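Architecture at a glance
Spelled out from the first residue to the last, the chains are:
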Amino acid sequence: MSDSMKISSNPHVRSKATVSGIMAAVVVALMPAAGYGIYHFGPRALELILISIVSTVGTEFLFGLIRKKETVGDLSAVVTGLLLALNLPVSVPWWLPVIGGVFAILVVKELFGGLGQNFMNPALAARCFLLISFPALMTDFSYDAVTGPTPLAALKAGESVNVLDMIVGRTAGTIGETSLIAIVAGACFLILLGIIDLRIPGSYLITFLLFEAVFGRHGFDPAYLSAQLAGGGLMLGAFFMATDYVTRPITIGGQYLFGIFLGLMTGIFRIYGPGAEGVSYAIILGNLLVPLIEKITWPTAFGKGGGRREK
Amino acid sequence: MAKLTFTGGIHPYDGKELSKDKPILDFLPKGEMVYLLSQHIGAPARPVVKKGDSVLVGQKIAESVAFVSAPVHSSVSGTVKAIEPRRAVSGDMVQSIVIENDEMYDEVGFYPEAPLEKLSKTDIIDIIKEAGIVGMGGAGFPTHVKLSPKDPRKIDYIIANCAECEPYLTSDYRRMMEEPEKLIGGMKVILKLFDKALGILAIEDNKPDCIRIMKELTKNENRIVVKALKTKYPQGAERQIVYATTGRKINSSMLPADVGCIVNNVDTMVAVYRAVVEGIPSMERIITVTGDCIARPRNYRVRIGSSYRQLVEEAGGFTVQPEKIICGGPMMGVGIFDLDVPVTKTSTALLALSKDEVSLLAPSACINCGRCAQVCPGRVVPSRLADAAEHFDEETFLKYNGMECCECGCCSYICPAKRQLTQEIKSMRKIILAKRKK
C-alpha cells in the first residue's frame, strides 16, 4: 500500500467552519459600526481603531514568540482590538488604546492560557481597566470641538433626548456604540451566518426593558424606554460582547440565564449607579458567574431521567 | 405535522448521487475467500471443516458455540485451504477459514424448512440462528438474540432502520428500490414472533421514491406503517430512530427492547426473509463502492469473504491514488491501510477519498462556541468531555455523562477548531469500559 495512505479514527470528514473564519465574520459584522464611527467622529476614529488593533495583534505576536506557538492567524486578537477601539471615546490620546490592547491580550487572555481560556471578555476587561485608571479621559465624549453629554447622561439628568438621532447615531458616545442601525445590521449578518443567536441578546434586552419599565421611574414611557435601549453600549454589548463564545455559558439554559442576569445588572447599574452606563460592568460580572450558571443548567443526557413519553 | 426526528445532528455532504441511481450488480469473486470466525458480537464460531475439505455454497463451515454467537457459511464452492489468522478491517489478525474458490458455485440446495404459516416462533428463531444472521448495519449483534427479548409480549414496535443516514452509502436504498418485497417479507416474518407489535419502516425523506414504493406495497398491511424521517445524520442511530418513530427514549445502559422496540437494519431483514422463506443462510450483502477515487461507483451484491481489492478492481479501480480508504461511511467507518481484507457480514461500503480532510486540518484551541453541544444527539457537552478525557479525569467524565456518547462523530465534524472530540471521548470510554470489565 502506498505511503500516502492516511489512517485515523472516525469521523473522516469535517465541516468547513474554522475559528479564523468565525473571527473574520465578526470583524466584517463590526464594519458598519466602525464605518459609521469613522464617518461620524472623523479620521481620528480610524487612527484609534488601527492603533488598537496593532497593539492587540502585536502583543499576541510577541507573546507567541515566548510561548513558541504563534496564534495570530486565528484573528481573535483583531476582534479584541477592534472591539476595544469601538468602546473608546474619540478624544482619547493615542497611548490609551495601546495600554488597553496590551492589557487585554497579555493580562486578560494570554496569562490565563490564551484563546479559549480567558474568563472575561478581553476587550471589555480592558475597557473597565481603562475606565478605572483614566476616568477623566474615558468619559470625555467631546468631539468636533463640541462638548456634550451622551444621550444616556442627558437622560439620567432628566433632559429629553432625540431618539431618532440615537438610532442613526448622531450623538456623543464611544466610537462604535452610537449607531443602533449599524450595530443591528452587523448583528443580523452574524445571526444569518449562524455565528450568534438571539438567546443571550434576546433575554438580555427583554429583561433590561422590563426592569427599566418597572424600576425606571418612567413607567412604560416608550420614548424613555427606546432611548435606554438605543443609548450607551447596550446594543454593542448585547450582540457583540455578551455573545463572546469563550466567556458565555456553553449550556443553552445557561445562556438564557446569563442574558437575564445581564439585563438585571445593567438595569441596576443604570438606574441606581452613579454613572449613566452599566453594560461593561454587567457583562464582566456575568462572565465571572459563568461556571456557576453552567453548573446549575448542565443538560440531562438523552434518555437519562424521565420515563416514557408517547408521541 | 412536524417531521419525525431528534434534537441535534448534522448535515454533511452526502455524496449519495455518485451511486444512488446505479442498479445493483452481482460481483463474482476469484481465488481466495476469507471467512472470519468472528464477524459478530459474541463468542467466535468454531470451524466444522478442516484443511483439504471441499465445501459447497451455503455449507456451514463454522458453528456457533454459545447463545450470543453466530455460525458462518461458505459463499462459494471450493476447497478449504487453511484455518489461520488473517487481517481484518480493524487491522487485527482474526482466526479465519480460507477457502480456494473453484468458481463453480455448486450449491448445497436451499429449501425452506416449512411454509411460513406452519412455522412456530421457536422454529423461526432457530432458523435465523442457524442462518448466521447478525445485525448487518455494522454492530453485528446476533439477530436471534435480539429477537429473543426477556418478555416478547412487551414488544410494541419492530422498526426497520431504512434511514441510511451515513453519507455516501446507497446500499440500503438500492435494496429497497429493487427488492422492496423482501424487506417487507422479512418484516412479516419478525412480526410473527411478536403478536401485538406494529412494524415501522423508518425512511429518511431524502428517499421519496422509496417512501412511495413502500407505502404502495404496505397499503393493505394493517400491521406495517411507513414513517418518513427528517434527513439528518445520525437519524439511523438506534437511540435516535427509536425516539423519532415512537417518542421513547433509551440511554446507554438500555436496549430498545426495554422500551418495547426492536430495531433491525434493511439487509438484516432481507437476510431474515431469505433464511426463513427461501432457506438461504447469510452469505451475501449489498456493498457500496464509492468515493471520488473510484472509476465507477456502484452497489454490488457481494459474497461474504470476498476481497476488497477485487471489489475495487471490479469498480474500475482508482482514477487517482486515494489518500484515505474507509470501510463503511465517512462518519462511522474504519480507515484501512490494506485492501487485502475480507468483506464480512457487517461491511457496508468501501469509500476511497482523494483528500483526507482530517490530516489537512490541525486542531487548535477550543473557543467554547458550543456547536458540539448543539449537534450532539446524546445531549452531552463534547468539548468538556474531551477536556476531561485529555486529563484522564474519570470523575468529571462520568459526571458529565461521558458514557452516553454514541461515538457518532457529529462533534468532531462540526468543530471549527478541528478538535478530535469524538476520538478523545471514544478513547476515554474504552479505558473506563475496560476497567469495569476487570
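Note that this is a predicted model, so its numbers are computed, not measured.

About the cut-offs
- Residues numbered from 1 in each chain as written.
- Chains lettered and ligands numbered in written order.
- Predicted model: local features only at pLDDT ≥ 70, side-chain atom pairs only at ≥ 80, totals over all residues.
- Helix = DSSP H or I, 4+ residues; strand = E, 2+ residues; numbered from the N terminus.
- Buried ≥ 20, exposed ≤ 12 C-beta atoms within 10 Å, placed from the backbone.
- Contact = placed C-beta atoms within 7 Å.
- Pairing = 2+ DSSP bridges.
- Nonpolar A, V, L, I, M, F, W, Y, C, P; charged D, E, K, R; others polar.
- pLDDT = per-residue confidence, 0-100.
- Domains from an automatic or database assignment.
- Axes fitted to C-alpha atoms, helices over the stretch in contact; angles between N-to-C directions.

Turning our eyes to something else, we now look at the overall build of chain A. Helix and strand counts for chain A come out as 14 helices and 0 strands. In chain A, the order of α-helices and β-strands from amino to carboxyl end is α-α-α-α-α-α-α-α-α-α-α-α-α-α. Summarising its shape, the C-alpha atoms of chain A cover approximately 75 × 55 × 30 Å along the three principal directions. In chain A, which comprises 311 residues, the share counted as buried stands at 50%. Sequence-distant contacts, at least 24 apart, represent 75% of the contacts inside chain A between residues at least 6 apart.

A word on the sheet that holds strand E7 (residues 78-87) of chain B. An order of E2-E8-E7-E4 (chain B) is seen for the 4 strands of this open sheet, with the pairing classed as antiparallel. Edge positions in the sheet fall to strand E2 (32-36) and strand E4 (54-55) of chain B, since each has one partner strand and no second.

Once that is clear, we can look at the interface of chain A and chain B. On the chain B side, the residues contacting the 35 residues of chain A number 53 residues. When its residues are assigned to classes, the side of chain A that touches chain B shows 15 nonpolar, 12 polar and 8 charged.

Once that is clear, we can look at the confidence of the model for chain B. This prediction gives chain B a mean pLDDT of 93; 100% of its residues lie at or above 70. Interface predicted TM-score (ipTM) for the complex: 0.89; the corresponding pTM is 0.91.

What follows covers the domain arrangement of chain B. All names here are of chain B. Its domain assignment divides chain B into domain 1 (27-110 + 282-353), domain 2 (111-278) and domain 3 (371-437). Measuring from the centre of the C-alpha atoms in domain 2 to the corresponding centre in domain 3 gives 30 Å. Of the residues belonging to the side of domain 2 that touches domain 3, the class tally is 3 nonpolar, 3 polar and 1 charged.

Let us look at the sheet that holds strand E9 (residues 157-162) of chain B. Residue and element names in this part refer to chain B. Within the open sheet, the 4 strands sit side by side as E11-E10-E9-E12. Their pairing is parallel. Looking at the sheet topology across the chains shown, the edges are occupied by strand E11 (224-229) and strand E12 (261-265). Geometrically, the sheet is characterised by an average inter-axis angle of 25° between neighbouring strands, direction not taken into account. Relative to E12, E9 is paired through 5 bridges, and the arrangement is parallel. When the bridges of E12 are listed, Ala 160 appears paired with Asn 264.

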